[in-house]
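# Observations on the three-dimensional arrangement
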Amino acid sequence: MTPMKELLPLTGYIRGGCSPIGMKKNFPTYIHITATNFDYIYISAGQRGLQLQIAPVTLINFINAKPEDIINKVDI
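Because the structure is predicted, anything quoted here is derived from the model rather than measured.

## Focus on the environment of Pro56
- With respect to the helices and strands, the residue Pro56 is situated in helix H2 (residues 56–63).
- When the C-alpha atoms of Pro56 and Ile33 are compared, they prove to be 9.7 Å apart, with 23 residues separating the residues in sequence.
- Beyond its immediate sequence surroundings of up to four residues, Pro56 is in contact with Ala35, Thr36, Phe38, Asp39, Tyr40 and Ile41.

Structure representation (structure tokens):
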């Protein structure tokens, strides 16, 4: 996770407006494997308060995300 004070300079987006689609830089993107259990999920559309409904497989393929069990892979 990126610290909030570094978010705007790093990504060009404000907190609440970060979207995995259309990032100014290519960042590794991970999505929890269970997202593929749903027909649609909602992600940020790039503005605070604006959401996008998308099929998880479409999102994964479009942004080259890696489906992972991200909850159990956290190093503490």
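## A few points about the pairing of strand E3 (residues 51–54)
- Bridge analysis of strand E2 (residues 41–44) against E3 gives 4 bridges, and the strand direction is antiparallel. Its bridge partner being in E3, Tyr42 is matched across the sheet by Gln53.

## Some details on the environment of Arg48
- Note that Arg48 resides in the loop between E2 and E3.
- Looking at Arg48, the relative accessible area reads 55%, which means it is exposed.
- As for Arg48 and Phe27, which are separated by 21 residues in sequence, their C-alpha atoms are 20 Å apart.

## Digging into H2
- Listing the buried residues of H2 in full gives Pro56, Leu59, Ile60 and Ile63. Taken down its axis, H2 places every buried residue within 100° of arc, on the same side. What points out from H2, more than 90 degrees from its buried face, is the exposed set Asn61 and Phe62.
- At its buried positions, H2 is contacted by strand E1 (30–32), E2, E3 and strand E4 (66–68).
- Residue Asn64 follows H2 closely and has a positive phi angle near 60°.

Criteria and thresholds
Residues numbered from 1 in each chain as written. Predicted model: local features only at pLDDT ≥ 70, side-chain atom pairs only at ≥ 80, totals over all residues. Heavy atoms only, no water. Helix = DSSP H or I, 4+ residues; strand = E, 2+ residues; numbered from the N terminus. Contact = heavy atoms within 4.5 Å. Pairing = 2+ DSSP bridges. Buried < 20%, exposed > 50% of the residue type's maximum accessible area, 1.4 Å probe, protein only. Arc of directions from axis to C-beta.

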